[in-house]
Structure formats: structure tokens, C-alpha cells
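# Geometric and topological summary
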Amino acid sequence: MADISSSGGPSMARSQSQTTKLALRIILYLALCIFALFYLMPLFVMITTSLKSLDEIRTGDLMSLPRDVTFDAWRSAWSEACTGIQCEGVRPFFWNSVLIAIPGVLISTLLGALNGYVVAQWRFKGANIFFALMLFGCFIPFQVVLLPMARMLGVMGIAGTIPGLVFVHVIYGLGFTTLFFRNYYVSIPDELTKAAKVDGAGFFRIFWSIFLPLSLPIIVVTVIWQFTQIWNDFLFGVSFSQAGTQPVTVALNNIVNSTTGVKEYNVDMAAAIIAALPTLFVYVVAGKYFIRGLTAGSVKG
Amino acid sequence: MSPILDVKNLYKNYGATAVLHDINVSIEEGDFLVLVGPSGCGKSTLLNCIAGLEPISGGDLFIGGQNMTNVSPKDRDIAMVFQSYALYPTMTVAKNITFGMKVRGVDPATQEAKLKHVAAQLQIEQLLHRKPGQLSGGQRQRVAMGRALVRDPKLFLFDEPLSNLDAKLRVEMRTEIKALHQKLGASMVYVTHDQIEAMTLATKIVVMKGGVIQQIGSPAEIYNRPANLFVADFMGSPAMNLIPAKARRNGNGTKIEIARKDGEPIVLTDTRNTDLPEDVIMGVRPEDIADPARLTSEHAQIAECLIEIVEPAGADTYAVMQLGGKHVTARLHAETSAKAGAQQSLAFDLGKVSYFEPETGQRLN
Ligand SMILES: Nc1ncnc2c1ncn2[C@@H]1O[C@H](COP(=O)(O)OP(=O)(O)OP(=O)(O)O)[C@@H](O)[C@H]1O
Ligand SMILES: [Mg+2]
């Protein structure tokens, strides 16, 4: 064998190394598939369970596919399931979440972009301290701000309202959004700002005409991040809402916890999937921009 | 008429570090002023101060006779070309060029006309719909020029606009900029650290070092009569020979003695400079040491020198010898008989030498 490969010369050696490469590749993909399956398992169980009837759940196997596919559980979760005394499903709460998340995401992204632009390109006195404090804001645990925030919302007269929740999420997200935009904008050469100043553009004009059009990748990152944070939030939602303004996460909790008698696993699962759908959707649609945006560096002039 | 640009006693500090020290410069309409100096001497900072992009720490600044010290960049009636070109990456070439006019609310028809004119002038018509990322370095440079030209300002500011180009393109663009200047008759301030660029473009040169102006003058003045050792050494390629020598009064002239490695010193007689101190540094351009047959100045004096190295460079041949403990370069013609290791008689043009005080470096004659 040894003398064959040595007499075979370089082409033989190349084909051998190609074989090992292929083998490694197969092993790699195998491993990745196993991991993917492992992570997809809960989703699989959730989906199949949500499509089964209660009888089938009781008698059947957790992992098996549904015998008769039924969407009753989904209908019930969407518009009939009881969240405490009220039995309207997650639908009203879903809309609450939408009403909280969309303005919350837009406002915090826009303010973060402005903050990042100022900190990165208009280096005023104390810009570094300002930025450090902003960063510090990212790491304050939620629990710490609950009481002061409740008081604050009370003083502002927006306690328990949807604008109140938007306000909380904007404040809490600002640290992160500023960080994202600032790190993106520091890689933009300051001669660009100077050129625009000589061209006669002012603060907002430069931001609007030059920086925002450059920002698509980081806007996608920020929007995904903020949307996920706000949509999935439970603590603020449960603390600062009242009947009628609760977000879908709180409703989900109530559905799961408030059923009396038989536990309707299929409804619980369907409700959970409904609650998770928007974030899933955002990832699927914009996920590749997310990765691209995170790694996007300086701007080629 | 008042000068187009007048900088008076300008100071600039970054915190405690002084970057520009007592700068006084003025240029007339149509002047091409070149700021030249080694890296970090404050050229860009001065340009940014003139543009109003950096606040100044002291002094006054007039553009077109108006005090602009506290006026914002957009109201100074200037246009600037940056070292990195700073083209707006998301805009097409056409939008890049018209952005300034759009911001200022110029009507679209005028914008279009000016864009056409400038694009034709710079031969970038076929690039107008591209983004900066799709241009070569030279094309980007042209677009950056176009953005400045379209404004028709009182004063153009250029910060090393050619430093990112390769050598050949740089020479081409240099000629183009010069032609443009002659055609427009515009007033320009141009930063470079390339002394050849400075010599070829300028009508007036400012040589800077460490934030202090060393000399202001026409290219010929700077070249022939450098104000101090720094300028003498910085301007010209190959650099001026700076040879330590002894000066002795002798009748109606001065005997200049230059030590040699072995043997007697060379003695030259300067009949024009009679009140030199004993220790001087003699500055001689390489072309002022030449073959006796080719140097026909009335102040030429001939001396025998031992040639150490001969470097043919095409049109000329450089001969290197050791005088006064320094390597001295002579610029000989291409068919010279000079050989390494052999004696050669060379003519020194004493009509063109500069003398410097060794301690202070200041010019003496
Ligand atoms: N923002 C700043 N803070 C502190 N010092 C600065 C700042 N900007 C520039 N300097 C200093 O000022 C000096 C002059 O800088 P400048 O950019 O004007 O040099 P330059 O002559 O343009 O050099 P180059 O030829 O390399 O472009 C340098 O020593 C630099 O370190
Ligand atoms: Mg510079």
C-alpha cells in the first residue's frame, strides 16, 4: 500500500486527501443534523400535540404523529380559551402585544440610531461618559427597576396603559440600540461627516441623507433584537399592565395556569405556538440580514 | 483688493498639546498655495481650521475679506477634497456631486446643468450612475474633485488628494490639477507631504514643521534660498548637500575650507559673501556640483574629489563623495567619465550656495 501511494505520485495523494475531506464533511453534517433534530424536538412535540384531540393525547404516545388532524385546539386557543374569568382566547392579548411591540421597536430603534450617531460622530464633551452610562443601563436587572418604574408610570399618568408599556420598553431597550448603532457608526470615517458639513448639511440632514441609508444592516439587527425582547417580555408585561392591556405572554401564562379540571395540553401548545409565531416569523424572514448586520464592518467609500 | 485667505496669528491646541503655533499666511486671488511638511506637522489640522471643521484656539481667519473665525463651514464659501475622498457611499456619482446644491436649495435645472458641465470637464459622464464602491481609485478622486468644482467657491481646499493613487496616476492627476487651476484661475490651498508635488503645483509654498511655519515663498525662493536647514533638507530630491565648512576672510572674498577624509581640505573662494562666521554649513544642490565643462557659471570653482559611488539614473548620473564628513551628491551628465574610486575634477557653483549657522540652522546669506 505504501509503495503504491508513493509511486502514484501527487495525483494519488490529492485524491486521498479529498477522500478524507469528504469523510470529515459527512461527519460534520451528521453531527449538525443530530443537533438540529435535538433542538427541533420540542417544537415537534408542540406542533403534533396541538393538532391532536384531548382523547388522543390521553391515550397516545407523546412522540407519535396525530391520527386525526384537528384544528380545534388552535381555534380554542385563538378565540375561546379562558384566561381567568374572561374566555376570549389569546386574540385580544395578541393585539395588545402588537400595539406594544411595534411602536416600542420603532421608537427605540430610531432613538438608538440618533444616540449612536451623536456618540460616534459628534464627539461632544463627556460623550464617553454618556455612552458608558448608557451601556451600564443594559446590565441593570429588570427586578431592580420594577418599583421605581411603577412609581414613574404613576406620576406620568400612564400606569397600566399600553403607552406606559411602550415607554418602559423604549427606556429599557435604549441602551442596547444605542450600543448597536454606535458601534456601527464609529467605523464610518469622520471625513464623511466633514464633507457633508462643507457641503452645507446640518446635524439632521447628515443623519437622514448619509447615515440612515448606510444603516440597513444594523437597523435589521436592532429591529430583530428589540422585537424579540419586547414580544417575549413577561415581567414588565405582568407588572405594568391591567385587565385589557396585558400582552400575549401574560395571557399564555394565564391560560396554562387557570384551566380548571382537565388540562388541555393541545390548547396550551397551540397558544404557545401562536405567541411565538411573530418572533419565529421575523427570524425566518430577516435572519440572514441579522448575521450579515452583526458582522458588517466599515463602509467602503 | 483684500487677500482671498488671510490667516492671522492662528493657534490650535488639542487640550494641552499645541498643534499649530502662530500661523500667518495670506494668499491672493488665483494663488495656488501648497502646505508641505512631514507627517504630523499639522497640515490637515490647519486645513480643517480654515474650513471651520476644527475650532481654533487663537487668532483670526479671513476669507474674501470677511472675518470667518466663528462662521460655520457651510457659510465659508469653500469646497474641500479629502484624503479619503469621503464620497457618500449610498449615493450615485451624480447625487454625490449635486448633494451640496440640493442641500442649499439650488433649483434642479441649474443642478443638472452644472453637473453636466463638471462631468464633461472631468470626463466622468459615463460614471454618473455608479455608486462610489464601483469606481477605481482614480475615478473616485475625480468624483471628489467634481464635488468641489461644482460649487464654484471662493477657495478650494485639498487634503492630500493624490496620496492614495499609484505613482503613475499621481503624476497624471498632478498635471490635470495644474491645468485645471490655470483654466479656472481659482484660489487653492493644497496639502501634501510630497515635495515634488509642492514644487510643481504651487505658486506659493508654506513649509511647516511641528506646527510652526518654517518658510513661505515661491517654489523658486524655497528651492534656491531655503530659510533654514530643515527647509534645505526637506525640499528637493536628491536633497541639498549640507557640508560643514570653515569660512576665513581673505582679501575681498571668503575662503571656504571643506575637510576631506584623506589629504588636504578643499579650498574654494567665495567672492560674494564676506561676513560669514567661522563655522558654517554650506548648502549646495547636487546640480550645482557638476562636470567643469558643463557648468558655465562665472562663480564656478574647480576642485579634485575622490568619487566613492557612481549611480546612473538615466538622464543624469549621480556621483557620491565624502566631504566635510558627509556624503555629498553631485549631479553629472549621463556620459560622465567619473569612476568609483578615482579622482574627478568637479565644478562648484558658488553663485548658488546657501550658508547656514550650524547651531540655529538659520540661513546666513
Ligand atoms: N483630535 C486630536 N486630538 C489630539 N491630537 C491630535 C488630534 N488630531 C490631530 N492631532 C495631532 O495633531 C498633529 C497634527 O496632525 P495633522 O493631522 O494635522 O498632521 P498632518 O500634517 O496632516 O500629517 P499627515 O501628513 O500624516 O496627514 C499630530 O501630531 C496629531 O497627533
Ligand atoms: Mg493629514
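Residues numbered from 1 in each chain as written. Chains lettered and ligands numbered in written order. Predicted model: local features only at pLDDT ≥ 70, side-chain atom pairs only at ≥ 80, totals over all residues. Heavy atoms only, no water.

Right, let's talk about the sheet that holds strand β14 (residues 279-284) of chain B for a bit. All names here are of chain B. Strand order in the open sheet formed by five strands is β13-β12-β11-β14-β20, and the pairing between neighbours is antiparallel. Two strands close off the open sheet at either side, each with one partner strand: β13 (266-270) and β20 (354-356). Each neighbouring strand pair of the sheet contributes to a mean axis angle of 40°, computed without reference to strand direction. (Pairing = 2+ DSSP bridges. Helix = DSSP H or I, 4+ residues; strand = E, 2+ residues; numbered from the N terminus. Axes fitted to C-alpha atoms, helices over the stretch in contact; angles between N-to-C directions.)

In this section: the pairing of strand β1 (residues 5-14) of chain B. Residue and element names in this part refer to chain B. Here β1 runs beside strand β4 (residues 58-63); their pairing, made up of five bridges, is antiparallel. Of the residues in β4, the one forming a bridge with Lys 8 is Asp 60. Pairing analysis gives seven bridges linking β1 to strand β2 (residues 17-27), with the strands arranged antiparallel. Counterpart to Lys 12 in the pairing with β2 is Leu 20. The hairpin formed by β1 and β2 contains two residues between the paired strands, and Gly 15 there has a positive phi angle of roughly 60°.

Here we come to the site of ligand 1. Residue and element names in this part refer to chain B. Residues in contact with ligand 1, as listed here, are Tyr 14, Val 19, Ser 39, Gly 40, Cys 41, Gly 42, Lys 43, Ser 44, Thr 45, Glu 160 and His 193. Between ligand 1 and the protein, one listed contact pairs an oxygen atom with a backbone N or O atom of Gly 40 at 2.8 Å. Cys 41 is positioned with one of its backbone polar atoms (N or O) 3.2 Å from an oxygen atom of ligand 1. Surface burial for ligand 1 is 57%, taken as the share of its 640 Å² of free accessible area covered by protein chains. Among the elements that make up the shell around ligand 1, the one with the highest residue count is helix α1 (residues 43-51) (three residues). Partitioning the shell around ligand 1 into residue classes produces three nonpolar, six polar and two charged. (Near = heavy atom within 4 Å. Polar contact = N/O pair within 3.5 Å; in protein donor to acceptor, adjacent residues only side chain to side chain. Areas by Shrake-Rupley, 256 points an atom, 1.4 Å probe, with all protein chains shown as cover. Nonpolar A, V, L, I, M, F, W, Y, C, P; charged D, E, K, R; others polar.)

Of all residues in chain B, 100% attain a pLDDT of 70 or more, and the chain-wide mean is 92. Our summary of model confidence lists the complex with pTM equal to 0.82 and ipTM equal to 0.85. (pLDDT = per-residue confidence, 0-100.)

Residue and element names in this part refer to chain B. What the six strands build is an open sheet, ordered β6-β7-β8-β3-β9-β10; its pairing is mixed. Two strands lie at the open edges of the sheet, namely β6 (78-81) and β10 (212-217), each paired on one side alone. Here the average twist between neighbouring strands, direction ignored, is 15°. Bridge analysis of strand β7 (residues 155-159) against strand β8 (residues 187-192) gives five bridges, and the strand direction is parallel. Within the sheet, the bridge partner assigned to Leu 157 lies in β8 and is Val 189. Along the sheet face, α1 touches β3 (32-36), β6, β7, β8 and β9 (204-209) and points at about 150° away from the line of β7. Across the sheet, helix α4 (residues 137-149) lies against β6 and β7, angled at about 175° from β6, the strand it touches most. (Contact = heavy atoms within 4.5 Å.)

What follows deals with the domain arrangement of chain B. Residues and elements named next belong to chain B. Taken domain by domain, chain B comprises domain 1 (5-234) and domain 2 (242-356). Between domain 1 and domain 2, the C-alpha centre-to-centre distance is 39 Å. Counting residues at the interface gives nine residues for domain 1 and six residues for domain 2. Both sides of the domain 1 and domain 2 interface together cover about 640 Å² of buried area, and 57% of this is carbon and sulfur. Counting across the interface, domain 1 meets domain 2 through zero salt bridges. Our count for the contact surface shared by domain 1 and domain 2 stands at two residue pairs in polar contact (both at pLDDT 80 or more). Breaking the side of domain 1 that touches domain 2 down by element, the ones donating at least two residues are α7 (219-224) and α8 (229-234). Here the side of domain 1 that touches domain 2 is composed, by residue class, of six nonpolar, two polar and one charged. (Domains from an automatic or database assignment. Buried area = accessible area lost by both parts, 1.4 Å probe. Salt bridge = Lys/Arg side-chain N within 4 Å of Asp/Glu carboxyl O.)

Now for a nonpolar patch on the surface. On the surface, a cluster of nonpolar side chains totalling about 740 Å² of accessible area is made up of Leu 28, Tyr 29, Leu 32, Phe 35, Phe 38 and Tyr 39 of chain A. For Phe 35 of chain A, a relative accessible area of 51% puts it in the exposed group. (Patch = residues over 30% accessible without salt bridge, like charges linked within 9 Å, V, L, I, M, F, W, Y side chains within 5 Å. Buried < 20%, exposed > 50% of the residue type's maximum accessible area, 1.4 Å probe, protein only.)

What follows concerns α1 of chain B. Residue and element names in this part refer to chain B. In terms of burial, α1 is a largely internal element, eight of the nine residues being buried. The set of residues buried in α1 consists of Lys 43, Thr 45, Leu 46, Leu 47, Asn 48, Cys 49, Ile 50 and Ala 51. Phi turns positive, to about 85°, at Gly 52, one or two residues after α1.

As a further point, take unusual backbone geometry. All names here are of chain B. With an omega of -5°, the peptide bond between Ser 237 and Pro 238 qualifies as cis. Counting through the fold element by element, Pro 238 comes out in the loop between α8 and β11 (241-250). At Tyr 85, a residue that is not glycine, the phi angle is positive and equals roughly 75°. Here Tyr 85 shows up in the loop between β6 and α2 (93-103). The phi torsion at Gln 123 lies on the positive side, around 55°, for a residue other than glycine. Judged by its relative accessible area of 55%, Gln 123 is exposed.

Another point: the domain arrangement of chain A. Under the domain assignment, chain A is made up of domain 1 (1-39) and domain 2 (83-295). The straight-line distance from the C-alpha centre of domain 1 of chain A to that of domain 2 of chain A is 46 Å.

Here the focus is the UniProt feature "transmembrane region" (unreviewed entry) in chain A. Residue and element names in this part refer to chain A. Under the feature "transmembrane region" (unreviewed entry), the UniProt entry names residues 22-47, 93-117, 129-150, 156-181, 202-227 and 269-291. Secondary structure within residues 93-117 divides into 100% helix and 0% strand; the distance between the first and last C-alpha atoms comes to 36 Å. For residues 156-181, the end-to-end C-alpha separation is 29 Å, with 81% helix and 0% strand making up the annotated structure. (UniProt positions renumbered as here; feature names shortened; annotations may be inferred.)

On to the environment of Phe 230 of chain B, then. Residue and element names in this part refer to chain B. Tracing the backbone shows Phe 230 in helix α8. Sequence-wise, Phe 230 and Gly 263 are 33 residues apart; in three dimensions their C-alpha atoms are separated by 31 Å. If sequence neighbours within four positions are ignored, Phe 230 has contacts with Pro 38, Val 207, Met 208, Lys 209 and Gln 214.

As a further point, take the packing of aromatic side chains. All names here are of chain A. Per the counting criterion, the structure on display carries 26 aromatic pairs over all chains. Ring geometry for Phe 142 and Tyr 172: centres 4.5 Å apart, planes at 75°, overall edge-to-face. Of the two residues, Phe 142 is situated in helix α6 (residues 142-156) and Tyr 172 in helix α7 (residues 162-185); the sequence distance between them amounts to 30 residues. Given a relative accessible area of 12%, Tyr 172 falls into the buried group. Relative to Phe 236, the ring of Tyr 172 has its centre 5.4 Å away and its plane inclined at 70°; by these criteria the two rings are edge-to-face. With a gap of 64 residues between them, Tyr 172 in helix α7 and Phe 236 in helix α11 (residues 235-239) connect regions that are remote in the sequence. (Phe/Tyr/Trp six-rings, centres within 6.5 Å; stacked < 30°, edge-to-face > 60°.)

A few words on the side chain of Thr 222 of chain A. All names here are of chain A. Mapped onto the fold, Thr 222 is located in helix α10 (residues 216-232). What makes Thr 222 buried here is its relative accessible area of 0%. Look past the residues within four positions of Thr 222 in its chain and what remains in contact with it is Thr 109, Thr 177, Phe 180 and Phe 181.

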